[in-house]
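Tertiary structure, described
Below, each chain spelled out in residue letters.
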Amino acid sequence: MRFRHPDGSTVHLAYCTNVHPAETLDGVLAQLRDHCEPVRRRLGRDRLGIGLWLAKDAARALITDPAALRGLRGELDRRGLEVVTLNGFPYAGFGAEEVKYRVYRPDWTEAPRLDHTTDLAHLLAALLPEDVTEGTISTLPLAWRVPFGAAAAQAARTALTTLGERLDVLEELTGKSVRIGLEPEPGCTVETTADAIGPLTDLASPRIGVCVDTCHLATSFEDPATALAALTAAGVSIPKAQLSAALHAEHPHLPEVREALAAFAEPRFLHQTRTRTAAGLRGTDDLDEALTGAVLPDGAPWRAHFHVPLHAPPAPPLTSTLPVLQDALARLVGGPAPLTRHLEVETYTWQALPPALRPRNRTQLAEGIAAELVLARDLLVDLGLKELP
């Protein structure tokens, strides 16, 4: 979906296909047929943006077979889909029964991460619509926090410097500019937007900035105004933003609140949980640790890294951090010029929701994704952007 900002630039809105796990090219093609096109039709749109997730094997198949890449581009066109952004965070296995810490490997200290992201950049340059010259890729924020010492930091910096140089060459060859956004996430080396400023200013590459995920922003109790102002002041760009909402519990000491939270503690993904104390932010790596241990104070609200549907916050006594998303979005695109032009709805946890809240079939999933996009569209229109055909 495309929108005209009051300054005349185009802002793109997509939804991320990592909600439809597929490891192979055949699986990706099936996603387009079974999920993405039905969402577009439900919205009544001739064109729908998707934030494509290409696992390692699917990306390699496309890189090594130009005919397959042309075929994917043809399928996108035929089904009324367009790609201006890729989700390069998960490397493989995102649809496994247990993902947890595996999603952070390989990290930016390991050669496969650089190779895979380079592949994605070349693929994105080939998949961009004819009238679009800039693409974006979100990626993990260097690495999980441990172990990560000085040597690891230097290895990651070297890899990102190499990537920036490769992206320069790619633009010279294709005329397409691809930018990368490190996506701060709780528990990682770069947990907050503030954590990103040092590494990215040291790197000093215009190709590499921050992908602001509003669920992660909220989970870490970051104030959107403060976070975005600091990035702007430091000269750190925001290639893309992911529109997502975290799980919020206002009174985690109450038994009924803990019971409600327990329904969201599931075995597939990590749900890092945070609270604010007088001594600063405290947290656990997963929601079940917060619920069963005595390590997380419960005298103040908890937030958990669980991407809940934007249009359907959980029932009381829980809620979502949608207000944080709204605040961040207003600051990202509601000003005289947009801070980013690529927006991606990223609720990948539909099948990890408590059983009663999960979609039971493809139709219900398409309805849910379409409803999220409608909410995002309405927020953009309310901010003064004009939806384009």
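Above this text is the structure in question.
Residues numbered from 1 in each chain as written. Predicted model: local features only at pLDDT ≥ 70, side-chain atom pairs only at ≥ 80, totals over all residues. Heavy atoms only, no water.

Quick notes on the layout of surface pockets
The volume enclosed by the largest pocket comes to roughly 240 Å³. In terms of lining, the largest pocket is formed by 19 residues, of which the most central are Val19, His20, Pro21, His35 and Leu365. Among the secondary structure elements, those contributing two or more residues to the lining of the largest pocket are helix 1 (25-43) and helix 12 (362-382). Sort the elements by how many residues they give to the lining of the largest pocket and helix 1 lands first, with 5 residues. Of the residues belonging to the lining of the largest pocket, the class tally is 9 nonpolar, 7 polar and 3 charged. (1 Å grid on protein atoms, 1.4 Å probe; cavity = no way out; pocket = protein on both sides within 12 Å on 5 of 7 lines; lining within 4 Å. Points joined across faces, edges and corners; volume = space filled by probe spheres on them. Helix = DSSP H or I, 4+ residues; strand = E, 2+ residues; numbered from the N terminus. Nonpolar A, V, L, I, M, F, W, Y, C, P; charged D, E, K, R; others polar.)

Regarding the nonpolar core
Within the largest apolar cluster, 113 residues are counted, with the highest numbers of intra-cluster contacts made by Leu13, Tyr15 and Leu373. With 9 residues, the top contributor of residues to this core is helix 12. If we skip the residues at most four places from it in the chain, leucine 373 touches Met1, Leu13, Ala14, Tyr15, Val39, Leu43, Leu48 and Val345. Membership of the second largest hydrophobic core comes to 7 residues, among which are Cys215, Leu217, Ala246 and Val324. (Core = buried A, V, L, I, M, F, W, Y, C linked by side-chain atoms within 4.5 Å. Buried < 20%, exposed > 50% of the residue type's maximum accessible area, 1.4 Å probe, protein only. Contact = heavy atoms within 4.5 Å.)

Re empty space enclosed by the protein
All told, the structure shown has 4 cavities of 30 Å³ or more when counted by the stated rule. If you add up the space inside the largest cavity, you get close to 160 Å³. What lines the largest cavity is a set of 19 residues, and nearest its centre among them are Phe94, Val103, Glu185, His305 and Tyr348. Looking at the lining of the largest cavity, its residues break down into 9 nonpolar, 5 polar and 5 charged. Space inside the second largest cavity adds up to approximately 50 Å³. The element best represented in the lining of the second largest cavity is strand 7 (residues 208-213), accounting for 3 residues. A class-by-class count of the residues in the lining of the second largest cavity yields 4 nonpolar, 3 polar and 4 charged.

Section: the sheet that holds strand 11 (residues 280-284)
Judged by pairing direction, the sheet is antiparallel, and its 5 strands sit side by side in the order 11-10-12-9-13 without closing on themselves. Looking along the sheet, the strands with just one partner apiece sit at the ends: strand 11 and strand 13 (318-320). Mean inter-strand twist for the sheet, computed between neighbouring axes without regard to direction, equals 30 degrees. Strand direction decides the pairing type here: strand 9 (residues 245-249) and strand 12 (residues 302-308), joined by 4 bridges, are antiparallel. If you follow leucine 247 over to strand 12, its bridge partner there is alanine 304. (Pairing = 2+ DSSP bridges. Axes fitted to C-alpha atoms, helices over the stretch in contact; angles between N-to-C directions.)

Topic: the packing of aromatic side chains
Applying the stated criterion to the full structure yields 8 aromatic pairs. Ring geometry for tyrosine 101 against tryptophan 144: centres 5.3 Å apart, planes inclined by 85 degrees, an arrangement best described as edge-to-face. Separated by 43 residues along the polypeptide, tyrosine 101 in the loop between strand 4 (81-87) and helix 4 (111-127) and tryptophan 144 in the loop between strand 5 (134-139) and helix 5 (150-174) bring together distant segments of the chain. With relative accessibility at 11%, the residue tryptophan 144 sits in the buried group. Ring geometry for tyrosine 104 and tryptophan 144: centres 4.8 Å apart, planes at 35 degrees, overall tilted. Taken together, the residues tyrosine 104 in the loop between strand 4 and helix 4 and tryptophan 144 in the loop between strand 5 and helix 5 connect sequence positions 40 residues apart. Exposure remark for tyrosine 104: the relative accessible area of 2% places this residue in the buried category. What links up through ring pairs into an aromatic cluster is the set Trp53, Phe94, Phe269 and Tyr348. (Phe/Tyr/Trp six-rings, centres within 6.5 Å; stacked < 30°, edge-to-face > 60°.)

Notes on helix 4
Taking 1.5 Å of rise per residue, the 17 residues of helix 4 would be expected to cover 24 Å, and the 25 Å separating its terminal C-alpha atoms lies within 8% of that figure. Arg113, Leu114, His116, Thr117, Thr118, Asp119, Leu120, Ala121, Leu123, Leu124, Ala125 and Leu127 are the residues of helix 4 that are buried. (Expected span 1.5 Å × (residues − 1).)

A few points about the environment of histidine 12
Turning to its location among the elements, histidine 12 is positioned in strand 2 (residues 10-16). Placed 190 residues apart in sequence, histidine 12 and aspartate 202 show a C-alpha to C-alpha distance of 29 Å. Each residue touching histidine 12, except ones within four places of it in the same chain, is listed here: Met1, Arg2, Glu82, Val84, Val132, Arg341, His342 and Leu343.

Some points on the pairing of strand 5
The buried count for strand 5 comes to 6 of 6 residues, which makes it a mostly enclosed element. Residues Glu134, Thr136 and Ser138 point to one face of strand 5 and Gly135, Ile137 and Thr139 to the other, with burial holding for every one of them. Note that strand 4 and strand 5 share 3 bridges and pair parallel. Bridging from a neighbouring strand, asparagine 87 pairs with serine 138 of strand 5. Sheet topology places strand 5 next to strand 6 (residues 177-182); 6 bridges connect them, and they run parallel. Residue isoleucine 137 lies in a different strand from strand 6, and its bridge partner there is isoleucine 180. The parallel pair strand 5 and strand 6, bridged by helix 5, forms a crossover whose chirality is right-handed. (Right-handed = clockwise from strand over helix to strand, strands pointing away.)

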